[in-house]
Structure formats: structure tokens, C-alpha cells
Protein chains: 2
Amino acid sequence: MSLNRKPRLADVARDAGVSPATVSRAISQPELLSGETLARVRLSAQRLGYSPDAAARALASGRSMTIGAVMPTLDNGIFSKALQAMQENLAAAGYQLLVASHDYNIAAETDAVRTLLARGVDGLFLVGAERAPETRAMVEAAGVPMVLTWCAAPGQPAVVVDNVLAGTLAARHLIENGHHRIGVITGRLKFNDRQEARLEGVRKALEAAGLTLPLALACEQPTNLAGGRMGCAKLLELAEPPTAIIGGIDLIAIGSMVEAQARGLSVPSDLSIVGIDDVDMAAHVSPSLTTVHVPTALIGAQAAKMIVAWLRNQDVDKAVCLPVELIVRRSCGRVPQSPRSPLSGSHGMDS
Amino acid sequence: MSLNRKPRLADVARDAGVSPATVSRAISQPELLSGETLARVRLSAQRLGYSPDAAARALASGRSMTIGAVMPTLDNGIFSKALQAMQENLAAAGYQLLVASHDYNIAAETDAVRTLLARGVDGLFLVGAERAPETRAMVEAAGVPMVLTWCAAPGQPAVVVDNVLAGTLAARHLIENGHHRIGVITGRLKFNDRQEARLEGVRKALEAAGLTLPLALACEQPTNLAGGRMGCAKLLELAEPPTAIIGGIDLIAIGSMVEAQARGLSVPSDLSIVGIDDVDMAAHVSPSLTTVHVPTALIGAQAAKMIVAWLRNQDVDKAVCLPVELIVRRSCGRVPQSPRSPLSGSHGMDS
DNA sequence: ACATTTAATGCGAGCGCTTTCATTCACGAT
DNA sequence: ATCGTGAATGAAAGCGCTCGCATTAAATGT
């Protein structure tokens, strides 16, 4: 049993009767070799069970074939879905994905980027456009291609969706159903420009309809079910509660639905609810959630393709904006005509 | 503007008036240096903005400070939660996490492991004990520490939970509530020993109570909400439908609940439902889901700690088994006494 | 037949760091 | 004074691969 050390490139070269350089080319630029030589080298490599040393390649070539992704958290369906898509697409192009998370902490993002850069990543995915100037500076100084996701920064390649539009779509749908008092529960706005944009979109739609968003009707909550429940509870306990609620993400919307139902309200007849994201669950809760579809997996896939193209020096679209779309399901209805039990009546009739 | 090339270790050495070896030690074994020298080197490093080159370190030292994790999918709360915990713990120890996924495809797992190994990972996390012999062989040949998660293989360090017990706990709870006809919806059993074990646990509890699991009452579905709905639909359409359903994972259980409710059944009075995992959502659906808590994040955290200890040549527990626990909420009730609308009556009275 | 390309391969100098071994120096013991 | 001793540091040989340049051989043109 010859359990000698791992074969190196030189071993293959010797075995195939060629120079190390030729073996190296057989791996990375096979088109430069004659068919015969290539075949011989491949045979030797195969026979010896050769597999190139990634660290050595990285050192010699200056490329690590590794891409870093820094997400707010991996523990959220929308990010893990994007991550999954990134991973698949990168793997297909020979790249590995290095992940880090910052839990919505702007300084933690800086640290993560620093670490990844020190790791020699060839490219970087970041979420959102808002970040510490230092972070941008580091990436720039390192000369590492970076593509943003979800939100775009000027002049920076990105794969985004129109979050403002998403908010507008959600609000407009409610307005068209006669709702005046619309509550909005967003995620924490700090270091989360996706949520900010969506909120802005809601405001826009409201203003376009001659309505406003009273301070009391907007609240920030953690981006999870519990946040949705709490936010909803808060809004429903208002003297003048909303007739409809927009969740900054589906999880919040669903949490709101649960809370409303737990309070004996019927969705949508007592309270309408709209989400944004269209997570798997949205179609399966009852009533099914009307929401604005955001192509999460596509964002990841596109971002991966973009960075690979960039690394291959191909043309890169400066920023692609993926479409969002209102998905009408069953969680929204016309504004209730009459006061309902735990809520005081809404003002003014409509329609 | 001196935008020269990145400073190297030698630059720091020159600046600090010491040898490169000393700088190297300042980084990785500071305890070997005199306080004075260390301070001087650190100052120079800081001033020059030095950051060691990971590839060079990896090549010279034979350690990449990188750990690979191969998951069935990132796009599932339980795995992404574990991943998140792994990532945090590894980062704290100076390691980076390289991720890959195989989508429940055993050959894809082999490929992922091969790739990660070629990448020079210092350690590996895998899910479950079932896999291609080739995969094990590769890891062994590479001499890379590997820790398994969720399910243990003999003689292999692992952080697991007793999935059989989880299944038993779920079933026993139902049995104690008088249920005889218990349906089970698991995820696909192929290359998923967690689900197999849970199913086995259910069988055990049933047998211990003198009951059996008829073939018709067990079904496999995708591990998501839609799977739960379909599985539930199938079971409810049986001539003799179950009075209770166990979901192999919470997502399935919740999907079942939705389906049951969509069919006009009330949970738990018409149908009891138990899940396994205790995902965030479980506490927030309505009725809240009775389930078996599996400490997902802890699995990840422990696994990370274990592999770090191993890499530091510290003692490693061969296999830690984390506790599972039945969480009684509101989705289970006594078996219905009388036939209910869409279902034919259950046989024999109980209690 | 001879110069000129073009294609295929080899040479060798690194890439930036780690680590073994040797060296130096200070200090307490003899 | 002399000799270990151990702590602190330096010298230098790689780690395994890539790539610019040089070289050779074959093909093409005149």
C-alpha cells in the first residue's frame, strides 16, 4: 500500500514526461496544448489521483477562486435562498462561497468584509447600499469586484429590485380596496435600506391618493413572526386602529395575521393584510397572503452570474433591476363598512 | 499618495528592524516574543496597514483556517440556523466557513466534499450518518477532521440529537391523548436518516402501546409546507383517516394544519397535529404547534466548538447528544368522541 | 532553399509566508 | 571566572503552483 504523500504537479509532470508548466496548462488553459499531450497529462493525473493544491494556486496566481458573501443573517429564508442560488451558480463556475453575517450591525459588516478581503476573496456580495464608508474604501483599495444585492448604490454593479415600488404596490392595492387607515410594520430601519425603501414606497402611494401615514400607524419590529405579532398588537390597540396592515416582509405580515386571528378578528373581513417578498409560506397560510413577489433566488443567481462575468472580464451590466409583482391572494378585502368589535369605527365611508 | 503595492511581511520586518521570522511569530505565536519586540512589530504592522496573505499562510503552514460545511440545503430554517451558529463560532476562533449544498443527492454530497477537500479545508461538517462510502474514504484519506451533525455514525465525532426519541415523544403524546389512528408525514426518506429515525421512533411508541402504523397512514413528502398540505390531504381522504398527524418536521406539520383548516376541520378538536423541530413559526401559528424541540442552533454551535478543539489537539468528545423535549402547545387534543364531517368515525371509544 | 510565422513546450523566477535549526545573549549556579 | 540553560531572534529552505519569456519544431510564404 503506497500511502505516500499526496502527488504534486511535479509528479504528474514526471509521469507524463512533460514539464510542470505543461501540466499547469493542462489544468487551466488546456486549449494551449496539443490534443496528444493533453490526453497524456490527464491520464497521468488521473492515475496518480492528482488534485491541485488550492493554496498554492492562489498564491502563485493571485486568484483564490473564492467569493465572499456578507449577509445580514443566514437565518432568514430570503437570504438563505439567495445564498443557495449564489452557491449553485458559483460552484458551476468553479468558485467557492465564503459566508459571513453581521446581524444588521454596520460595524460587524465592516469586520466581515475585512476578514473576507484578508482571506483573498476574488469577489464580494453585499446586501443593500447603506454601509460604513470604511467598508467601501477597503473593498476599493483591495480592487475586489463587488456586487450589491437588493438595493443599489450609484455606480456600483448591483442586482436589485425596486423596493420603493414594492411598497407602493402593496399600499396601492389596499387603497384601491378603499382603505384609508393603513398601518405599516417594517423591520428595524437601522442599517436596512430595503425596509426604508419599502416604507417610502408606501408613503408615496398614500400621498398619491391624498392620504398620509400618521406616525402612530408606522412601527418598527424585528423581522420575524414575533415582530409581526407585536407590531400588529400595537396597531390594533390604537384608539383608531388601521383597517389594513402592510408588513415590510412577509414574516411580519404573517405574524400580524396570526395576531389578528388570535384576537378574534377575521382576515380579510375585519383586517386586510399585505406582505412583501412572497416567501413559500405566503401561499400556504390561511387566508393565503396577498403580497408583492420579490424574486429572491433570482437575485442570488443573477448576482453570481454577474460577478463571474466580471471576473472573466466580460461586459457587466452596471445594475440589473428585477421586477416585483403584486400577487393577489386572499388576505385583503374591502374596507369594513361598519365598526367592528375591538376596533373603533373608521371615519368616513368610501366607495 | 503612496498607493504602492500591499505591504508584505518583509516590509513590516524591515520597518520594525527585525527578521521576517519574528514578524511571523508576532502574528501566530506572540508569546514567543519579548514584549518590547512584539510591541514594535505590531506598531509597524499597524502603521503600514499590513494584513497577512491567507493563501501564502495556507501554503506555508499547511492549514487553510477554513472549514467546510455540506448541508442538504441552505434554504431550510433548521440548516441555515445551524450554519449561522457554526459561522459565528468559527469566526470567533479565526476560521472561515465554506458552504456547499447537495439537495438530498448523495452523489452531489460526494462531489461537494471532494471540492471542499481539494480546497484544503481544515475540517468538515456533514449532516447525517448516511453517505457514499467513497465520501468517507476521501475524507479519511485526506486526514481531515470531520464532525457529523444530527445523526451519528459509529466511531465518528458528532453532535446529534436522538431523532428516534423525538419521534417517540411525538407519538407517545398523541397516544396518551387517546389517539389510535395516527398518520405520519415524513420528508423523503432517501438519503435522510433524520427522517428515517424519527419515523422509527414513531413506530416504536406505537408498538409499545400495542398499536401499529398501517402503510396507508405513513407518507413521504417534500420537506416544506406544500409537502405538508399534500400529505395531509392524502391522509384525510383515506377511507379511515387518522385522528392525529405527526409531521416529520414542523414545516410539514404546519402545512398539514393549514390543509386541515382549509378543509374546514378544526385543530385540535377534529384533528391533532404534532411536529418535530420547534422552528420559530411553531409557536406563532394558530393553534400553536405542539412539537418536539430540537436545539438546532446548539447543534451548529457545538459542532463548531468540537472541530475547533480538535484542530487545537484538545480532547474531543466522541459524540455529544443534545436533548430533545416535547413542547406541548395547542395543536393536540383528545381523540374526537364522535364521527366528524369529512371523516368517517374512529373505531372504539377510549378513556 | 531561406526567412518568417505560428503553435507547442520548457525554464526558472517568484508568489508571501512558516518553521526548523542554529545562534546569541543574559543570568544564575558552580 | 566558567559553564550550562533557557529565552529571544535570525537565517534560509521550502510550501506547490503560475506565468513571462525563451526555445524549438512545424508550417507557411516567396
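Residues numbered from 1 in each chain as written. Chains lettered and ligands numbered in written order. Predicted model: local features only at pLDDT ≥ 70, side-chain atom pairs only at ≥ 80, totals over all residues. Heavy atoms only, no water.

A. Spatial organisation of the UniProt feature "domain: HTH lacI-type" (unreviewed entry) in chain A. As annotated by UniProt and renumbered to match this structure, "domain: HTH lacI-type" (unreviewed entry) occupies residues 7-61 of chain A. Taken as a whole, residues 7-61 of chain A contains 71% helix and 0% strand, while its terminal C-alpha atoms sit 20 Å from one another. (UniProt positions renumbered as here; feature names shortened; annotations may be inferred. Helix = DSSP H or I, 4+ residues; strand = E, 2+ residues; numbered from the N terminus.)

B. Seen up close, the relation of the copies chain B and chain A. When chain B is fitted onto chain A, the two copies agree to an RMSD of 0.1 Å after a turn of 180° and an axial shift of 0.0 Å. These values place the two chain copies in the arrangement generated by a two-fold rotation axis. A high fraction, 100%, of the interface residues of chain B reappear at the interface in chain A, so the copies pair face to face through one surface. (Least-squares fit on C-alpha atoms with pLDDT ≥ 70 in both. Contact = heavy atoms within 4.5 Å.)

C. Examining the protein's contact with DNA strand C more closely. Thr22 and Thr37 of chain A together with Leu9, Ser24 and Tyr50 of chain B are the nearest of the 24 residues found near DNA strand C. Taking the atoms of DNA strand C that fall within 4 Å of the protein, sugar and phosphate contribute 68% of them. Between DNA strand C and the protein, one listed contact pairs a phosphate oxygen with a backbone N or O atom of Leu9 of chain B at 2.4 Å. Within the contact set of DNA strand C, a phosphate oxygen lies 3.3 Å away from a backbone nitrogen or oxygen of Asp53 of chain B. Elements with a minimum of two residues in the surface near DNA strand C: α2 (20-28) and α4 (54-61) of chain A together with α2 (20-28) and α4 (54-61) of chain B. Of all the elements, α4 of chain B adds the most residues to the surface near DNA strand C, at four residues. Class assignment of the residues belonging to the surface near DNA strand C gives a composition of twelve nonpolar, six polar and six charged. (Near = heavy atom within 4 Å. Polar contact = N/O pair within 3.5 Å; in protein donor to acceptor, adjacent residues only side chain to side chain. Nonpolar A, V, L, I, M, F, W, Y, C, P; charged D, E, K, R; others polar.)

D. Looking closely at the sheet that holds strand β7 (residues 218-221) of chain B. Residue and element names in this part refer to chain B. In spatial order, the strands read β7-β6-β8-β9-β10-β12; together these six strands make up an open sheet with mixed pairing. Unpaired on one side and paired on the other, β7 and β12 (325-327) mark the two borders of the sheet. Across the sheet, the axes of successive neighbouring strands diverge by a mean angle of 20°, strand direction being ignored. Pairing analysis gives three bridges linking strand β8 (residues 244-247) to strand β9 (residues 272-277), with the strands arranged parallel. Within β9, the position partnered with Ala244 by the bridge is Ser272. Contacts from helix α9 (residues 193-208) reach β6 (182-187), β8 and β9 within the one sheet, and its direction differs from that of β6 by about 165°. (Pairing = 2+ DSSP bridges. Axes fitted to C-alpha atoms, helices over the stretch in contact; angles between N-to-C directions.)

E. Layout of the domain arrangement of chain A. Partitioning chain A into domains gives domain 1 (9-52), domain 2 (63-161 + 297-323) and domain 3 (163-294). Just the C-alpha atoms count here: the centres of domain 1 of chain A and domain 2 of chain A sit 34 Å apart. (Domains from an automatic or database assignment.)

F. Structural detail: the side chain of Arg198 of chain A. Residues and elements named next belong to chain A. One can find Arg198 in helix α9 (residues 193-208). Exposure remark for Arg198: the relative accessible area of 3% places this residue in the buried category. Apart from residues lying up to four places away in sequence, Arg198 is in contact with Trp150, Asn163, Gly167, Gly248, Ile249, Ile276, Asp277 and Val294. (Buried < 20%, exposed > 50% of the residue type's maximum accessible area, 1.4 Å probe, protein only.)

G. A look at helix α5 (residues 77-92) of chain B. Residues and elements named next belong to chain B. Here α5 is 16 residues long and its end C-alpha atoms lie 23 Å apart, about the 22 Å a rise of 1.5 Å per residue gives. Restricting attention to buried positions, one finds in α5 the residues Ile78, Phe79, Ser80, Ala82, Leu83, Gln84, Ala85, Met86, Gln87 and Leu90. Gly94 occupies a position one or two residues after α5 and carries a positive phi of about 90°. (Expected span 1.5 Å × (residues − 1).)

H. The nonpolar core, seen in detail. Among the nonpolar cores identified, the biggest contains 147 residues, and Phe125 of chain A together with Phe125 of chain B are the most heavily contacted of them. Apart from residues lying up to four places away in sequence, Phe125 of chain A is in contact with Ile67, Gly68, Ala69, Val70, Met86, Leu90, Val147, Ala303, Ala304 and Ile307 of chain A. (Core = buried A, V, L, I, M, F, W, Y, C linked by side-chain atoms within 4.5 Å.)

I. The arrangement of the interface of chain B and chain A in detail. In this complex, chain B contributes 43 residues to the contact, which on the side of chain A involves 43 residues. At the junction of chain B with chain A, the criterion picks out zero salt bridges. At the boundary of chain B and chain A, one finds 14 residue pairs in polar contact (both at pLDDT 80 or more). Contributions of two or more residues to the side of chain B that touches chain A are made by α4, α5, β2 (96-101), α6 (106-118), α10 (225-236) and α11 (250-262) of chain B. Looking at side-chain class alone, the side of chain B that touches chain A contains 22 nonpolar, 15 polar and six charged residues. Sheet analysis places strand β2 (residues 96-101) of chain A next to β2 of chain B, joined by three bridges and oriented antiparallel. By the bridge assignment for β2 of chain B, Leu98 of chain A is matched with Leu98 of chain B. (Salt bridge = Lys/Arg side-chain N within 4 Å of Asp/Glu carboxyl O.)

J. Geometry of the protein's contact with DNA strand D. Contacts to DNA strand D come from 25 residues, most closely from Leu9, Tyr50 and Arg63 of chain A together with Thr22 and Thr37 of chain B. A distance of 2.4 Å separates a phosphate oxygen of DNA strand D from a polar atom in the backbone of Leu9 of chain A. One of the side-chain nitrogen or oxygen atoms of Tyr50 of chain A is found 2.3 Å away from a phosphate oxygen of DNA strand D. Secondary structure elements with two or more residues in the surface near DNA strand D: α2 and α4 of chain A together with α2 and α4 of chain B.

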